[in-house]
Amino acid sequence: MSKTEEPLETVTYEEVEGPVETMKTGSELLVESFLKEDVDFIFGYPGGAVLPLYDKFYDKDITHILARHEQGATHAAEGYARVTGKPGVVVVTSGPGATNAITGIADAYSDSLPLIVITGQVHTPGIGKDAFQEADLLSMTTPITKHNYQVKDVNDIPRIIHEAFHIANTGRKGPVVIDFPKDMGILSTNHPKPRELDLPGYTVKTTPEKEDIQRLRELLKASKKPFILAGAGVNHSKSNHMLTTFATRHQIPVVTTLLGLGALPYEHDLFLGMGGMHGSYASNMALTECDLLINFGSRFDDRLASKPDEFAKDAKIVHVDIDPVEIGKVIKTDLGIVADVKEVLSELLMFNQLTFKHEAWLDTCLTNKAEHPFKYEETDDGFSKPQKLIETIGKITNGDAIVTTDVGQHQMWVAQYYPFNRHGQLLTSGGLGTMGYGIPAAIGAQLARPNDTVVAFVGDGGFQMTNQEMALLNEFNLNVKIVLINNGTLGMVKQWQDKFFNQRFSHSVFNDQPDFMKLSESYGVHSYLIDDPEAMERSLEEAFQYEGPALIEVRISPVEPVLPMVPSGKANHEMEGVL
């Protein structure tokens, strides 16, 4: 035995009440706690530190999804959480198992997704002694979680799990990590502490103040150019129908962030498109020219407000957010309302009439939308147009699919051209920008919604980071359609090198790639290659009619840019490439 593999010390609990037959191990308590929290799936990967827990999973009280990498497990849990609104649950082993999960934890924290991540840990006596596969997950995850725990008493397990689920799924949602030493899974007790919530200092304010609602109504009455910015908070609160009613009733145009897409139906007359770096002309001009901007649940991220001093500089700013930290953090706010977006909209919808007129403003916004829509030029270069590809898939799926993406050019084309109709349709990495997110997130979404159409749009770069998760598609009979948009490059990196680095394409072009068709077939996944633009629509129809998972590889030009574009550090009205 090596010096790092110390034997477990015997730990006993005094004053144990009841017969020995009622004793339960920490692993049993953990599984029971999951069942009480209505957990349907656990996404994970076993290892030495969590073997006692995995032994209890053998009884199959909860379905375990064996990912092929811990990052894949966390992204799949994110996909599940996004479409259900319930926390996704992840279990990984200590050391590299836990550190591999950090990317997904950070991603969930950036995009406010509820996760419960159980990280295995070396047995308690070995902590702090550089034991085999030890890593200080509490220190590593403190900046990227809402809260984290380390189990130090087996009796605390039911309480910790109950608290963790409450914290993860209330207020501004996010991940909670529970570091689980190996001996805590082995030790037995019949004196567990109750599942009561005792969280001093943790409060969530959801109801707006009456005077704030009155002030907002007064600002609306005085406005000649009102504009609504809808962020992820609308989708998290499932208030898109209320927002649509409010905007329609008062004829206020709407822009969304990337993660706010679906807050207003794509085809709605008042929807001007996504705003920001690759947003529409109409939305960015409205952000620049409005005199009142009502922000429902967006954090004013730098992709939307890349030059804060010039952002809506002539407007009164109203910011509605459940997280008080976000109010005034980026943009100076005239009225901050700390509350759930749904609660604010509910209050606003109690008033049928607001006596204000803004026909000229509405006409300007809708004219900009009509004259400068997202559009592209057809070419005769032998490549399929990615914009047309996404439009076609939107028609085939009636704009009703759950859509996941990786990060890059294809992500922006999807945001521009897929006709999202409702909240919870777009699953993408917005804040962290994580390549490799698309395929595992699609798996989590399809497990949660087995009867829905799920489409994963990925680039050839991100695809090669997590494509091993395709092994799960046939294992769990998941009808995911993966659309691989292949330009042989790291497209967004190359586009920036073309624009800002004098076309010095440093390591952004793949000189060699695998045969993606053979790779797909090796996983038993049917594959389609679209390398003829004339055959694109026919091939897509065939692929989407196929019952089962499929990979659809589409060859596009390596020089196709995402347009329009607001260069970094420029104001929204300084767009380039407007057609």
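Quick caveat, the model's predicted, so the values are computed rather than measured.

**Regarding the packing of helix H11 (residues 240-250) against helix H13 (residues 341-348)**
- Relative orientation of the contacting elements H11 and H13 amounts to 35°, with a least axis distance of 10 Å. Remark: the crossing between H11 and H13 carries left-handed chirality. Of the residues in H13, those in contact with Met 242, Leu 243 and Phe 246 of H11 are Lys 342, Leu 345, Ser 346 and Leu 348.

**Observations regarding the nonpolar core**
- Phe 296, Val 318, Phe 457, Val 483 and Ile 552 are the most contacted members of the largest nonpolar core, which totals 63 residues.
- A total of 5 residues in this core trace back to one element, the largest contributor, which is helix H16 (residues 409-417).
- The residues that make up this core include at least three from each of domain 2 (210-372) and domain 3 (386-555).
- For Val 318, the residues in contact, after removing those within four places along its chain, are Leu 216, Leu 219, Leu 292, Leu 293, Ile 294, Asn 295, Leu 335 and Ile 337.
- Formed by 48 residues, the second largest nonpolar core is a distinct cluster that contains Ala 67, Val 83, Ile 443 and Ala 448.

**Re helix H20 (residues 491-500)**
- Taken together, the buried positions of H20 are Gly 491, Met 492, Lys 494, Gln 495 and Gln 497.
- Those residues of H20 that are buried lie in contact with H16.

**Details of the environment of Ser 522**
- Tracing the sequence through the fold places Ser 522 in helix H21 (residues 516-522).
- Each C-alpha atom of the pair Ser 522 and Leu 540 lies 21 Å from the other, and the pair is 18 residues apart in sequence.
- At a separation of 2.5 Å, a polar atom in the side chain of Ser 522 contacts the main-chain carbonyl oxygen of Leu 519.

**Side note on the UniProt feature "domain: Thiamine pyrophosphate enzyme central" (unreviewed entry) in the protein**
- Taken from the UniProt record, the annotation "domain: Thiamine pyrophosphate enzyme central" (unreviewed entry) applies to residues 213-348.
- What you have in residues 213-348 is 32% helix and 20% strand, and the ends, taken at the C-alpha atoms, are 7 Å apart.

**Some thoughts on the UniProt feature "domain: Thiamine pyrophosphate enzyme TPP-binding" (unreviewed entry) in the protein**
- The positions UniProt marks with the feature "domain: Thiamine pyrophosphate enzyme TPP-binding" (unreviewed entry) are residues 406-554.
- This span, residues 406-554, is 40% helix and 17% strand, and a straight line between its end C-alpha atoms measures 15 Å.

**Some thoughts on the packing of aromatic side chains**
- If you walk through the whole model with that rule in mind, you get 14 aromatic pairs.
- Measuring from ring centre to ring centre gives 5.5 Å for Phe 300 and Phe 311, while their planes differ by 75°; the resulting arrangement is edge-to-face. On the criterion of sequence distance, the pair formed by Phe 300 in the loop between strand S12 (292-296) and strand S13 (316-321) and Phe 311 in the loop between S12 and S13 is long-range, its members being 11 residues apart. Like Phe 300, the residue Phe 311 is buried in the burial classification.
- Relative to Phe 420, the ring of Tyr 418 lies with its centre 4.9 Å away and its plane at 55°, an arrangement referred to as tilted. Pair check on accessibility: Tyr 418 and Phe 420 agree, each one buried.
- An aromatic cluster is defined as three or more aromatic residues linked by ring pairs; in this entry it consists of Phe 41, Phe 43 and Tyr 80.

**Some thoughts on the pairing of strand S14 (residues 335-338)**
- Burial along S14 is one-sided: Leu 335 and Ile 337 are buried, and none of Gly 336 and Val 338, which face the opposite way, are.
- Judged from the 4 bridges that link them, S13 and S14 form a sheet pairing that is parallel. Looking at the pairing, His 319 lines up with Gly 336 of S14.

**Points about the sheet that holds strand S20 (residues 550-555)**
- Pairing within the open sheet is parallel, and its 6 strands lie in the order S16-S15-S17-S18-S20-S19. Each edge of the sheet is formed by a strand with only one pairing partner; in this case those strands are strand S16 (426-427) and strand S19 (526-530).
- For strand S17 (residues 454-459) and strand S18 (residues 480-486), the ladder comprises 6 bridges, and the chain directions are parallel. Bridging across to S18, Ala 456 finds its partner in Ile 482.
- Along the sheet face, helix H15 (residues 386-396) touches S17, S18 and S20 and points at about 165° away from the line of S18.
- The strands that helix H17 (residues 438-448) touches are strand S15 (402-405), S16, S17 and S18; relative to S17, the one it contacts most, it runs at about 175°.

Cut-offs and rules
- Going along each chain's sequence as written, the residues are numbered from 1 onward.
- Restriction of local features to residues with pLDDT of at least 70 applies here, the model being predicted, together with a cutoff of 80 or more for giving and counting side-chain atom pairs; totals for whole chains, interfaces and linings are based on all residues.
- Hydrogens and waters are ignored; side-chain quantities use all the structure's heavy atoms.
- Here an axis means a line fitted to C-alpha atoms, over the contact stretch when the element is a helix, while the angle between two N-to-C directions is reported on a 0 to 180 degree scale.
- Helix and strand assignments follow DSSP, with helices taken as H or I runs no shorter than four residues and strands as E runs no shorter than two, numbered in order from the N terminus.
- Crossings are sorted by hand: turned counterclockwise from the far helix by less than a right angle, the near helix makes the crossing left-handed, and turned clockwise it makes it right-handed.
- Here, two residues are considered to be in contact whenever any of their heavy atoms come within 4.5 Å of each other.
- Here, the term nonpolar core denotes a set of buried Ala, Val, Leu, Ile, Met, Phe, Trp, Tyr and Cys residues that are joined through side-chain atoms within 4.5 Å.
- Whether a residue is buried, partly exposed or exposed follows from its accessible area with a 1.4 Å probe, protein chains only, as a fraction of its type maximum: under 20%, in between, or over 50%, in that order.
- Segmentation of the chain into domains, including their bounds, is taken from an automatic or database domain assignment.
- Any pair of N or O atoms that falls within 3.5 Å is considered a polar contact. Within protein, one atom must be able to donate a hydrogen and the other to accept it, and sequence-neighbouring residues count only if both atoms are side-chain atoms.
- UniProt positions are given in the numbering used here, feature names are shortened, and annotations may be inferred rather than shown by experiment.
- Two aromatic rings from Phe, Tyr or Trp, using only the six-membered ring of Trp, form a pair when their centres are within 6.5 Å; if the ring planes differ by under 30 degrees the pair is stacked, by over 60 it is edge-to-face, and anything between is tilted.
- Any two strands with at least two DSSP bridges between them are considered paired.

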